[in-house]
Amino acid sequence: MEYGIKKTFDIHISNQCKGIAIIWMMFHHLVPYTEFSGGPVLCGIYLPGVLGLTGKACVGIFLVLSGYGLYKSQNHYNSIFQFYSKRLKKIYLTYWIIFDLFTVIGILFFSGSFLYLTADPFTRLENLLYSLSGMQYFIKNSGYMGYNSAWWYIGLCVLLYLLFPVLQKLLDKYPRCFLGGAILLCIFWREQYCSFIMIRKLLQYLPLFAAGMLSAHYRIFERAGEKLAKKPKSSTAVIAGILIICIIVKYYVRNNVDICLQLDCIISLLLLLEVYHLNNVSEGHTTAKILTVLGSYSFEIYLIHLFITNMYTTMYIYSINDAFWMVVVTLCASLLFAVPIQKLTSFLSTRKALLNFALSGLLAAGILLSVYAGC
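Residues numbered from 1 in each chain as written. Predicted model: local features only at pLDDT ≥ 70, side-chain atom pairs only at ≥ 80, totals over all residues. Heavy atoms only, no water.

Observations regarding the overall build of the chain
Here is step 1 of the chain: A count of helices and strands for the chain gives 17 helices and two strands.
Here is step 2 of the chain: Across the 375 residues of the chain, 50% fall into the buried class.
Here is step 3 of the chain: In the chain, the proportion of contacts linking residues at least 24 apart, taken out of those at least 6 apart, comes to 77%.
Here is step 4 of the chain: About 18,100 Å² of surface is accessible on the chain, with carbon and sulfur atoms providing 67% of the total. (Helix = DSSP H or I, 4+ residues; strand = E, 2+ residues; numbered from the N terminus. Buried < 20%, exposed > 50% of the residue type's maximum accessible area, 1.4 Å probe, protein only. Contact = heavy atoms within 4.5 Å. Areas by Shrake-Rupley, 256 points an atom, 1.4 Å probe, with all protein chains shown as cover.)

Structural data, given as structure tokens:
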């Protein structure tokens, strides 16, 4: 049976990939070092633990998707100001609402966990303001991940968004040089080359972001999809096989950060290609629909989930003692907050910029008042 290319790499496919990444992230934060009574074991290896220990690949998936999506949507903006305004507002409005909400919850009900916000290395007020900026990981070269340790990624996203217009011009004008530079950086950059955290993290993760941009520029998924669709079953099996091999290799070299990042680039591109290919050769299944829903709320889930797993309700989550159900419960609990928060941010984003800034200021002021009332 012959198959053709039925779909572009659109928002639905992107959300399916984000759904996979967010599940993988859950395993990474829940079960990397602990074995539970539930979950498969193969050759003495606890498989959910493998997913946990290799789960940092979720960062790579999100970065490749970000680079791809930004490049594909570049023509939707009339100016750099409009680009920055829309993108940064989308990040910060959601971030500040969740920050404000869970800070208040922490003060009122989980005072012990709330003390993370007042911990070293900064003063109490500095911690608060730096965390609000999302740049706490990079400020003063601290490596401080913030109130919620998963939020270090916010600063990385903001930096890459700020760099994107320059990267986009370089790619459009010098595509081969851009490709060569990304490959060389991926292969030869080493973590120990730079002690300045902001530069180190940017150069570590830039190849993943660039891979997404290059995939959009060269239409890699569409071109590869045309060839893969000629032999759909064997193509699916081959890509899945290479993916599994890469994940196994990453598991055994997991202590080598540089090799893991190189593997993350391969894993991310192969995963996106596999999801794209499956969407072209099969009709939508329930799994695809579930992943699409999870992906559409992935940013909110990412911001929320550690409060459930590691801060406020850790004891209840780990009492489940089954990796699969721990992930399911955490996802469901995160969605209970994510759905209304996304509706709220969507509502606020349709209002004028002045209103958005005023609301943001009120949120920040509310947090400050809450902090000093609660401490």
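There's plenty left to go through after this.
Brief notes about the environment of Ala 211
Here is step 1 of the chain: Residue placement: Ala 211 occurs in helix α9 (residues 197-217).
Here is step 2 of the chain: We classify Ala 211 as buried; its relative accessible area is 9%.
Here is step 3 of the chain: Distance in space between the C-alpha atoms of Ala 211 and Leu 65 is 9.1 Å, their sequence separation being 146 residues.
Here is step 4 of the chain: Apart from the residues within four sequence positions on either side, Ala 211 is in contact with Val 64, Cys 265 and Leu 269.

Notes on the packing of helix α1 (residues 11-30) against helix α3 (residues 57-72)
Here is step 1 of the chain: Two numbers describe how α1 lies on α3: the axes approach to 8 Å, and their chain directions differ by 160°. As summarised for this structure, α1 and α3 are arranged roughly antiparallel, according to the angle between their axes. Considering the relative orientation of α1 and α3, their crossing is left-handed. Facing α1, whose interface residues are Ser 14, Cys 17, Lys 18, Ala 21, Ile 22, Trp 24 and Met 25, α3 presents Ala 57, Cys 58, Ile 61, Phe 62 and Leu 65. (Axes fitted to C-alpha atoms, helices over the stretch in contact; angles between N-to-C directions. Parallel < 35°, antiparallel > 145°, perpendicular 65-115°, else oblique. Left-handed = near helix turned anticlockwise from the far one by under 90°.)

Observations regarding the packing of aromatic side chains
Here is step 1 of the chain: Under the defined criterion, the tally for this structure stands at 26 aromatic pairs.
Here is step 2 of the chain: Geometrically, the ring pair formed by Trp 152 and Tyr 205 is tilted, given 5.9 Å between the ring centres and 40° between the ring planes. With Trp 152 in helix α7 (residues 152-173) and Tyr 205 in helix α9, this pair connects stretches of sequence that are 53 residues apart.
Here is step 3 of the chain: Residue Tyr 205 is classed as buried on the basis of its relative accessible area, which comes to 3%.
Here is step 4 of the chain: Judged by centre distance (5.0 Å) and plane angle (80°), the ring pair of Phe 324 and Trp 325 falls under edge-to-face.
Here is step 5 of the chain: By relative accessible area, Trp 325 is classed as partly exposed at 47%.
Here is step 6 of the chain: Just above the ring of Trp 152 sits the side chain of Lys 201; from NZ or CZ to the centre is 5.9 Å.
Here is step 7 of the chain: Stacked on the ring of Tyr 251, the Lys or Arg Arg 254 has its end atom at 4.5 Å from the ring centre. (Phe/Tyr/Trp six-rings, centres within 6.5 Å; stacked < 30°, edge-to-face > 60°. Lys NZ or Arg CZ within 6 Å of the ring centre and 35° of its normal.)

So, the packing of α3 against helix α12 (residues 257-281)
Here is step 1 of the chain: Where α3 meets α12, the axes come as close as 9 Å, and the angle between the chain directions of the two elements is 60°. It follows from the interaxial angle that α3 and α12 lie oblique. The chirality of how α3 crosses α12 is right-handed. Contact residues: Ala 57, Gly 60, Ile 61, Val 64 and Leu 65 in α3; Asp 264, Ile 267, Ser 268, Leu 269, Leu 271 and Leu 272 in α12.

A look at unusual backbone geometry
The phi torsion of most residues other than glycine is negative, and most of the peptide bonds are trans.
Here is step 1 of the chain: In this structure, Lys 140 is a non-glycine residue whose phi angle is positive, near 60°.
Here is step 2 of the chain: Here Lys 140 lies in the loop between α6 (124-133) and α7.

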